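Per-entry structural report
Each chain, letter by letter, is given below.
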Amino acid sequence: MGKLELQQMVLGPVYTNCYFLKNKETGETLIIDPADSPNRIFQKVEEMGAKPAAIFLTHGHFDHIMAVQAVKAEYQIPVYACRQEEEMLREPSVNMTDRMRKPCSVRPDVFLDDLQVFEAAGFSIQMIHTPGHTKGSCCYYLKEEGVLFSGDTLFCGSVGRTDFPGGSSREIRESLHKLLNALPDDTDVYPGHDTSTTIGYEKRYNPFV
């Protein structure tokens, strides 16, 4: 992975993966989907000797966003998200944080458009809009490092559920094909839940292909 140091924490009652992408040269670190346990995230950052630089959200469901405000405030860092996820992130009744009795409204600092390439923490990153789990679900692709953070779009041997607000079984299949057709087989895939996989493995074995 070159200059990328990748660490993962599994947080919350539904075992959400929170990822830490540290630039080994500078210490700058990106936090993907900070779930619901800010104190554990603060501890992890300290253990890693990390310098948080930004928060990336793959989508706006409660189990991926409830620590966003605390982490943003602690480190004074921006939040990135797909433009189509604005309503989901803003409205507790849509992102379902109100059902958890912890209403949460997130207003990203940076909205990204499909296939937009940008720089953060010394990495070149492409945001890929992959609707289906939610309207604004997205993935983050680091071409040079050969990794994709797929949120709840693509899992090992499966895809994300589509019965929540904004879900679409047709769109998530289209998004799956979009990823599998565009990315190299040896791309490592890190999903929002469960174990990692590769694009090549999913081409061969994912039943939704």
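As shown above, the structure is provided for reference.
Heads up: these notes are all about the structure in this document.

Rules used throughout
Residues numbered from 1 in each chain as written. Predicted model: local features only at pLDDT ≥ 70, side-chain atom pairs only at ≥ 80, totals over all residues. Heavy atoms only, no water. Helix = DSSP H or I, 4+ residues; strand = E, 2+ residues; numbered from the N terminus. Rg over C-alpha atoms; globule rule 2.2 N^0.38 Å. Buried < 20%, exposed > 50% of the residue type's maximum accessible area, 1.4 Å probe, protein only. Areas by Shrake-Rupley, 256 points an atom, 1.4 Å probe, with all protein chains shown as cover. Lys, Arg positive; Asp, Glu negative; His and termini not counted. Charge placed at Lys NZ, Arg CZ, Asp CG, Glu CD. Phe/Tyr/Trp six-rings, centres within 6.5 Å; stacked < 30°, edge-to-face > 60°. Pairing = 2+ DSSP bridges.

Attention now moves to the overall build of the chain. From N to C terminus, the chain includes 7 helices and 14 strands. Computed over the C-alpha atoms, the radius of gyration of the chain is 16 Å, within 12% of the 17 Å expected from 2.2 N^0.38 for a compact globule of 209 residues. Per-residue burial over the chain gives 52% buried out of 209 residues. Carbon and sulfur atoms provide 46% of the accessible area of the chain, an area that totals close to 9,100 Å². In the chain, 21 side chains carry a positive charge and 29 a negative one; their mean positions are 2 Å apart.

Turning our attention to the packing of aromatic side chains. The way to describe two aromatic rings as a pair is by their centre distance and the angle between their planes. A full pass over the atoms with the stated rule returns 9 aromatic pairs. Their ring planes at 70° and their centres at 5.8 Å tell us that Tyr-19 and Tyr-190 sit as a pair that is edge-to-face. With Tyr-19 in strand E2 (residues 16–23) and Tyr-190 in strand E13 (residues 188–191), this residue pair connects regions lying 171 residues apart in the sequence. Taking relative accessible area as the criterion, Tyr-19 reaches 2% and is therefore assigned buried. With centroids separated by 4.7 Å and ring planes inclined at 50°, the aromatic side chains of Tyr-201 and Tyr-205 adopt a geometry described as tilted. With Tyr-201 and Tyr-205 both in helix H7 (residues 199–205) and 4 residues apart, the pair spans about one turn of that helix. These aromatic residues form a ring-pair network of at least three members: Phe-56, Tyr-80, Phe-118 and Tyr-140.

Moving on, we come to the sheet that holds strand E7 (residues 117–120). The 6 strands lie next to each other as E7-E8-E9-E10-E13-E14, forming an open sheet whose pairing is mixed. Each edge of the open sheet carries a strand with a single partner, namely E7 and strand E14 (197–198). Alignment of E13 against E14, held across 2 bridges, turns out to be antiparallel. Looking across to E14, one finds that Val-189 is bridged to Thr-197.

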